[in-house]
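Architecture at a glance
The lines below spell out each chain.
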Amino acid sequence: MQNWTWGCIYLVGHCLSWAGWMVLQAPVLRHYPAKLSLTSFTCFFGLIQFLIIAAFGVVAAGIVFSLQTWCIQKGGPVFVAVFQPMQTLLVAAMASLILGDQLYVGGIIGAALIMLGLYSVLWGKTEEKRPGSQDQEQTLTKHLIDTESRDRDDAPESDIP
């Protein structure tokens, strides 16, 4: 079905449920004439519905934060930051596959550029972690480390702990 069809079905369902609520209020008000209390109960049960739905959002957010923390611990913050644009690509792909949305050439080119940028950042990150790049860093600091250890060896011992 098209999105317009689903929208119309949801709109009709909303109108029917609202009309049913209005019809149900008449007998309830005959048996329970306290209008303010009835309004309070209505708001209270609406709040309970909202909290149930919000609890699912909190659980989902907790799962996301725990996965992000795990990824930061395993691969560093660059991996988490780099894959944030992937959410947009995944949403577009799922909307196309599940909902039947149409993908446009500009979107596909943008997705390809995003993938190219992600690949280049990850490639740069792996180049930083190569053993050869650490040797270069060690040669830069080796002179400083050697002079610090030599100064410590030449320093007189003191009685102060």
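Thresholds, definitions, all that
- Residue positions are given per chain, counted from 1 along the sequence in the order it is written.
- With pLDDT at 70 or above as the cut-off, local features in this predicted model cover only qualifying residues; side-chain atom pairs require 80 or more to be listed or tallied, and sums for whole chains, interfaces and linings still use all residues.
- Hydrogens and water are ignored here; the side-chain numbers use all heavy atoms of the structure.
- Helix numbering and strand numbering both begin at the N terminus, where a helix is a DSSP run of H or I of at least 4 residues and a strand a DSSP run of E of at least 2.
- Each residue's exposure class comes from its accessible area (1.4 Å probe, protein chains only) as a fraction of the maximum for that residue type: buried when under 20%, exposed when over 50%, partly exposed otherwise.
- Residues count as neighbours in contact if any of their non-hydrogen atoms are within 4.5 Å of one another.
- Computed by Shrake-Rupley with a 1.4 Å probe, the accessible areas treat only the displayed protein chains as cover when residues are assessed.
- Two aromatic rings, drawn from Phe, Tyr or Trp (for Trp, its six-membered ring), form a pair once their centres lie within 6.5 Å of each other, and the interplanar angle then sorts them: stacked below 30 degrees, edge-to-face above 60, tilted otherwise.
- To estimate how far a helix should extend, the number of its residues minus one is multiplied by 1.5 Å.
- The pLDDT score gives, residue by residue, the confidence of the prediction method on a 0 to 100 scale.
- Patches were defined on residues exceeding 30% relative accessible area and lacking a salt bridge, with like-charge contacts within 9 Å and nonpolar side-chain contacts (Val, Leu, Ile, Met, Phe, Trp, Tyr) within 5 Å.
- By salt bridge we mean one thing: a side-chain nitrogen of Lys or Arg within 4 Å of a carboxyl oxygen of Asp or Glu.

Observations concerning the overall build of the protein chain
Scanning the protein chain from N- to C-terminus turns up 6 helices and 0 strands. Reading the secondary structure of the protein chain in the N-to-C direction produces α-α-α-α-α-α. Relative to its full complement of 161 residues, the protein chain shows a buried share of 7%. When contacts within the protein chain are restricted to residue pairs at least 6 apart in sequence, long-range pairs at least 24 apart make up 52% of them. Here the protein chain has roughly 14,000 Å² of accessible surface; of this, 71% comes from carbon and sulfur atoms.

A word on the packing of aromatic side chains
As enumerated under the stated definition, the model contains 2 aromatic pairs in all. Summarising the aromatic geometry, the rings of F44 and F45 are spaced 5.4 Å apart at their centres and angled 65 degrees between planes, so their arrangement reads as edge-to-face.

Here we look at the environment of L38
Mapping L38 onto the fold places it in helix α2 (residues 35-75). Put simply, L38 and V28 are 10 residues apart on the chain and 8.7 Å apart in space, counted from C-alpha to C-alpha. Other than its neighbours up to four places away in sequence, L38 contacts V28, L29 and Y32.

A short note on α2
The terminal C-alpha atoms of α2 lie 59 Å apart, and with 41 residues this matches the ideal 60 Å at 1.5 Å per residue to within 8%. Positive phi appears at G76, one or two residues downstream of α2, with a value of about 100 degrees.

A short note on the environment of A111
Looking at the element boundaries, A111 is found in helix α5 (residues 105-129). Spatially, the C-alpha atom of A111 lies 10.0 Å from that of L90, the residues being 21 residues apart in sequence.

A short note on the confidence of the model for the protein chain
Residues at a pLDDT of 70 or more form 80% of the protein chain, whose mean pLDDT is 80. Confidence, expressed as mean pLDDT per element, reaches its minimum in the protein chain at helix α6 (residues 131-154) with 57 and its maximum at α2 with 90.

Some points on a nonpolar patch on the surface
A cluster of nonpolar residues, V28, Y32, F41, F44, F45, L47, I48, F50, L51, I52 and F56, forms a patch on the protein surface that exposes about 1,100 Å² of accessible area. The element best represented in the nonpolar patch is α2, accounting for 9 residues. By the element assignment, V28 lies in helix α1 (residues 3-31).

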